Amino acid sequence: MTRISGFERSQLLLLPEAIDDYAAAGNPVRFIGAFVDERDLAAAGLSRVEPKATGRPATRRAIC
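Below is a short write-up of the structure.

Rules used throughout
- Residues numbered from 1 in each chain as written.
- Predicted model: local features only at pLDDT ≥ 70, side-chain atom pairs only at ≥ 80, totals over all residues.
- Heavy atoms only, no water.
- Helix = DSSP H or I, 4+ residues; strand = E, 2+ residues; numbered from the N terminus.
- Areas by Shrake-Rupley, 256 points an atom, 1.4 Å probe, with all protein chains shown as cover.
- Salt bridge = Lys/Arg side-chain N within 4 Å of Asp/Glu carboxyl O.
- Buried < 20%, exposed > 50% of the residue type's maximum accessible area, 1.4 Å probe, protein only.
- Patch = residues over 30% accessible without salt bridge, like charges linked within 9 Å, V, L, I, M, F, W, Y side chains within 5 Å.
- Phe/Tyr/Trp six-rings, centres within 6.5 Å; stacked < 30°, edge-to-face > 60°.
- Lys NZ or Arg CZ within 6 Å of the ring centre and 35° of its normal.
- Contact = heavy atoms within 4.5 Å.
- Polar contact = N/O pair within 3.5 Å; in protein donor to acceptor, adjacent residues only side chain to side chain.

## As for the overall build of the chain
Argument step 1. Broken down by element type, the chain carries one helix and zero strands.
Argument step 2. For the chain, the computed accessible surface area is about 6800 Å², with 58% contributed by carbon and sulfur atoms.

Right, dumping it as structure tokens:
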């Protein structure tokens, strides 16, 4: 029977530290993110787009 080797115990993280590490520089998701960030969502009629003073999201999250 062979031994299954795992990760080194000195390894601090199994996954990348940031979501940006998952998408390459030329990935279309970067364009979509930049496009959405530049839109004025309040002018489009969306409410609760500004974060609260505590830094928490202004939107309610549905609990499923």
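Moving on from the model shown.
## A few points about the pattern of salt bridges
Argument step 1. Under the defined criterion, the tally for this structure stands at one salt bridge.
Argument step 2. In this structure, the salt-bridge partner of Arg30 is Asp20, at a minimum N-O distance of 3.8 Å. Here the residue Arg30 occupies a position in helix α1 (residues 28-38), and Asp20 occupies one in the segment before α1, the gap between them amounting to ten residues.
Argument step 3. By relative accessible area, Arg30 is classed as partly exposed at 32%.

## Section: a nonpolar patch on the surface
Argument step 1. A cluster of nonpolar side chains, contributed by Leu14, Leu15, Ile19 and Tyr22, occupies part of the molecular surface with about 490 Å² of accessible area.
Argument step 2. Note that Leu14 resides in the segment before α1.

## Description of the packing of aromatic side chains
Argument step 1. Applying the stated criterion across every chain yields a total of one aromatic pair.
Argument step 2. The ring of Phe35 carries the charged tip of Arg39 above its face, separated from the ring centre by 4.4 Å.

## Looking at the environment of Arg30
Argument step 1. Put simply, Arg30 and Asp20 are ten residues apart on the chain and 8.8 Å apart in space, counted from C-alpha to C-alpha.
Argument step 2. Ignoring sequence-local partners within four residues, the contact set of Arg30 consists of Asp20, Ala23, Ala24 and Ala25.
Argument step 3. Among the polar contacts listed, one links the side chain of Arg30 to the backbone oxygen of Asp20, at a separation of 2.7 Å.

So far we have only geometry, and geometry alone does not tell us how the molecule works.
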